[in-house]
Amino acid sequence: MTQEPNPLNWSADALRLEMLRREMERMAERDRARAAEEQRRADFAADFLRHHIGPEELRHIRQLIEAAVRHGDFQALVYSFPSSLCADDGRAINNARPDWPETLRGKARELYETFERHARPLGYHLHASIISFPGGVPGDVGFFLSWEAPLGRSAPTAEKPD
């Protein structure tokens, strides 16, 4: 009886070493991805806290509103950011405290102030809420812009009076 040769000519030890090498490569790739994500978050936070809302962001918000209207929605998620960028890590927003706007910083504060100056007088509403809870703690904050008619008031119709 002849023994079939190992087609790879590798010993069991060599195979185990190869498997270990591949696992180490996967771990290194996960570490690189984690580091890249941490850098992305740090860059976002720096931009969020140091710069102003730019025309691209305003254009994106407008596109989100237009898409919501096309779908027949009366609100749109127009902005989101990590709750860690609030002065209280999002606790006031999570607890729906009336002073939640005071905890906003950076671009979120600027967006809220822009809303107060320009959109609220036109009948829009802004609601902030925590939209993710990674590990059970507040994650991202979402700003929802709404144009729904207040309770008790009917929405305008497209018909023209005679």
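Predicted model only: the values in this text are computed from it and were never measured.

## Here we look at the overall build of the protein
Of regular secondary structure, the protein possesses four helices and three strands. Helices (α) and strands (β) of the protein occur, in sequence order from the N terminus, as α-α-β-α-α-β-β. By residue count, 25% of the 162 residues in the protein fall in the buried class. Accessible surface, the protein as shown: approximately 12,100 Å² in total, 55% of it carbon and sulfur.

## Some remarks on the sheet that holds strand β3 (residues 140–146)
Spatially, the three strands line up as an open sheet ordered β1-β3-β2, and their pairing is antiparallel. In the strand order of this sheet, the two ends are held by β1 (75–82) and β2 (125–130), each with one partner. Taking each pair of neighbouring strands and ignoring which way they run, the sheet shows an average axis angle of 25°. Packing of helix α2 (residues 55–70) onto the sheet brings it into contact with β1 and β3, and relative to β1 it is tilted by some 140°.

## As for a nonpolar patch on the surface
Taken together, the side chains of Leu17, Leu20 and Met24 present a nonpolar region at the surface, about 320 Å² in accessible area. With respect to the secondary-structure elements, Met24 resides in helix α1 (residues 12–50).

## Regarding the packing of aromatic side chains
Under the definition given, this model contains seven aromatic pairs. Both rings, one in Tyr112 and one in Phe115, keep their centres 6.3 Å apart while their planes meet at 40°; by these two values the pair is tilted. Here the residue Tyr112 and the residue Phe115 both occupy positions in helix α4 (residues 106–119), the gap between them amounting to three residues, near one helical turn. Comparing Tyr112 with Phe115, the two get one shared label, buried. An aromatic cluster is defined as three or more aromatic residues linked by ring pairs; in this entry it consists of Phe48, Tyr79, Phe81, Trp100, Tyr112, Phe115 and Phe143.

Criteria and thresholds
- Residues numbered from 1 in each chain as written.
- Predicted model: local features only at pLDDT ≥ 70, side-chain atom pairs only at ≥ 80, totals over all residues.
- Heavy atoms only, no water.
- Helix = DSSP H or I, 4+ residues; strand = E, 2+ residues; numbered from the N terminus.
- Buried < 20%, exposed > 50% of the residue type's maximum accessible area, 1.4 Å probe, protein only.
- Areas by Shrake-Rupley, 256 points an atom, 1.4 Å probe, with all protein chains shown as cover.
- Pairing = 2+ DSSP bridges.
- Axes fitted to C-alpha atoms, helices over the stretch in contact; angles between N-to-C directions.
- Contact = heavy atoms within 4.5 Å.
- Patch = residues over 30% accessible without salt bridge, like charges linked within 9 Å, V, L, I, M, F, W, Y side chains within 5 Å.
- Salt bridge = Lys/Arg side-chain N within 4 Å of Asp/Glu carboxyl O.
- Phe/Tyr/Trp six-rings, centres within 6.5 Å; stacked < 30°, edge-to-face > 60°.

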